[in-house]
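Fold and contact review
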Amino acid sequence: MRSKKPSIGLTAVLAMFAVATLMTGTRAAAQTENVLYNFTFNNNGADGIDPVASLIFDASGNLYGTTNQGGTYNDGTVFELTPQVGGVWTETVLHSFQGTDGAGPGRNGGLIFDAAGNLYGMATGGGAYGYGTVFELTPSAGGGWTATVLHDFAYGGTDGAYPSGGLIFDAAGNLYGTTNWGGTGPCTSEGNLVGCGTVFELSPKAGGVWAERVLHSFGHGTDGTFPVAGLVSDATGNLYGVAYEGGTGPCSRTGNPGCGIVFELTPKAGGGWAEKVLHHFNLTDGGWPVGSLIFDAAGNLYGMTNGGGAHDWGTAFELMHRAGGGWAEKILHNFDESGSSGASPYAGLIFDSAGSLYGTTSAYGAGGYGTAFELKPTAAGGWTEKVLHDFSGSPKNGTSPLDSLIFDAAGNLYGTTSGGGTSGWGTVFEIRP
């Protein structure tokens, strides 16, 4: 077992310990992985490396994503993959970041489209103050894309620093996201940092300007610390997310209070937002939640932790509404470094139409470098894990997927690996049933 939690930096995450396992993993039959693209750090220096964020499709079936490094200035890229005849995919780098407009885009979160086809995302560092940016990419009539910085994080006053996770829109066109540091909450257990992270809103104004408002500053104690994932909204506009540390759950083996929380932010009638902690992780039920949450049709929340649980290597969990109010947690799966299960998930889960959950682990599994898996509900109320693919680090296989998966219309899964492939700099892959 791991005996000590590693420190959390700009990109956050790795983790820990204890409870009884609910199910065992099985191997999937007839799953085929195809590497669609190998990142090379070549292409005249323009190609990206280290893809760590989830992908998105456009209406034409093209894939879009980001790389954390590489590109013309080695500060990361936004790329498009276009399918060609014969199953080949062609990469186009839409934008190379150069520090002043951001650096390290998409850490633990991907891109989103607006209705007009513009792309939005966040860069973990860079910008005017060096603490990250929110950016927009707009397609030009004659081809190409134009990058615009919507906000430079300043890490001063109330502003956040080092944005993490992805963005979401509300119905009015406002953007919401999180920063890993910053805000006004004291961070005394982390060396008296100014702020343990924020939830923010960006609102479009006349003339193309966007105004930022900090909705919540995390400050340790019962509150969470270091939100590292994107947000999800319910039908009434409440926001839900996770903080990697903090809360009241005992974390005795780390020396730090709190193994992370699940939180809700609710808009107040007179303005402002109120935070409510829905769950405090305590190692036995998981520790250090990562990845965005998702809802099911009944309004229950699902997510993963990077550590904790029965084997100290993370969990998949559900938070259910209690009849009398509040939320109850249920562990769906305990990840394990031994055997075939996979360990240390870094991302969120997705549902298929039948109610099964899909995700990735960053380590272990039969190939040693992580897995893509399915969690299927059973008639008895439990969940069974099935490993769909083992990442092995071979020349034709990636290593350490750190992102969420996505489906296409035919039910195929797509994702990225942060390493591996023919050049060792990461891949885009497809898994077909």
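Residues numbered from 1 in each chain as written. Predicted model: local features only at pLDDT ≥ 70, side-chain atom pairs only at ≥ 80, totals over all residues. Heavy atoms only, no water.

It is worth spelling out the overall build of the protein chain at this point. Regarding its fold elements, the protein chain presents 0 helices and 38 strands. Burial status across the protein chain gives 58% buried among its 433 residues. Surface summary for the protein chain: the accessible area is close to 15,700 Å², and the carbon and sulfur share equals 53%. (Helix = DSSP H or I, 4+ residues; strand = E, 2+ residues; numbered from the N terminus. Buried < 20%, exposed > 50% of the residue type's maximum accessible area, 1.4 Å probe, protein only. Areas by Shrake-Rupley, 256 points an atom, 1.4 Å probe, with all protein chains shown as cover.)

For the rest of this paragraph, the subject is the sheet that holds strand S5 (residues 63-67). Ordered by their spatial adjacency, 4 strands build an open sheet running S4-S5-S7-S8, and the pairing between neighbours is antiparallel. At either margin of the open sheet sits one strand with a lone partner, and together these are strand S4 (56-57) and strand S8 (89-96). (Pairing = 2+ DSSP bridges.)

Time to look at the side chain of Asn397. Structurally, the position occupied by Asn397 is in the loop between strand S33 (383-390) and strand S34 (398-399). Judged by relative accessible area, which is 7%, Asn397 ranks as buried. Reaching out from Asn397, the side chain makes a polar contact with the side chain of His389 at a distance of 3.4 Å. For Asn397, the side chain forms a polar contact with the side chain of Ser392, separated by 3.1 Å. Apart from the residues within four sequence positions on either side, Asn397 is in contact with Glu33, His389, Asp390, Phe391, Ser392, Gly420 and Gly421. (Polar contact = N/O pair within 3.5 Å; in protein donor to acceptor, adjacent residues only side chain to side chain. Contact = heavy atoms within 4.5 Å.)

In terms of residue burial, strand S36 (residues 413-417) counts as a mostly covered element, since 5 of its 5 residues are buried. On S36, burial covers both faces: Leu413, Gly415 and Thr417 on one face and Tyr414 and Thr416 on the other are all buried. Taken together, the 2 bridges between strand S35 (residues 406-407) and S36 define a ladder with antiparallel strand orientation. By the bridge assignment for S36, Ile406 is matched with Tyr414. The turn linking S35 back onto S36 is made up of 5 residues, and Gly411 within it adopts a positive phi angle of 90°.

Another aspect to go through is the sheet that holds S36. One open sheet holds the 4 strands; their spatial order is S2-S38-S36-S35, and the pairing between them is antiparallel. Of all the strands in the sheet, the pair left with one neighbour each is strand S2 (32-38) and S35.

Summarising burial for strand S27 (residues 301-307): 7 of the 7 residues are buried, a large majority. As defined by bridge partners, strand S26 (residues 287-295) adjoins S27 across 5 bridges and the pair is classed as antiparallel. Residue pairing for S27: Pro289 is matched across the bridge by Thr305. Connecting the antiparallel pair S26 and S27 is a turn made up of 5 residues, with Gly299 showing a positive phi of about 90°. Relative to strand S28 (residues 315-321), S27 runs antiparallel, the two being bridged by 5 bridges. Along S28, the bridge assignment pairs Thr305 with Thr315.

Two measures describe an aromatic ring pair: the distance that separates the ring centres and the angle between the ring planes. Counted by the stated rule, this structure contains 25 aromatic pairs. Their ring planes at 65° and their centres at 5.0 Å tell us that Phe97 and Phe135 sit as a pair that is edge-to-face. Here Phe97 is found in the loop between S8 and strand S9 (103-105), whereas its partner Phe135 is found in strand S12 (residues 133-139), with 38 residues between them in sequence. Relative to Trp181, the ring of Tyr155 has its centre 6.2 Å away and its plane inclined at 45°; by these criteria the two rings are tilted. Of this pair, Tyr155 sits in the loop between strand S13 (145-152) and strand S14 (160-169) while Trp181 sits in strand S15 (residues 175-182), and the two are 26 residues apart along the sequence. Following the ring pairs from residue to residue traces out a cluster consisting of Tyr131, Tyr155, Tyr162 and Trp181. (Phe/Tyr/Trp six-rings, centres within 6.5 Å; stacked < 30°, edge-to-face > 60°.)

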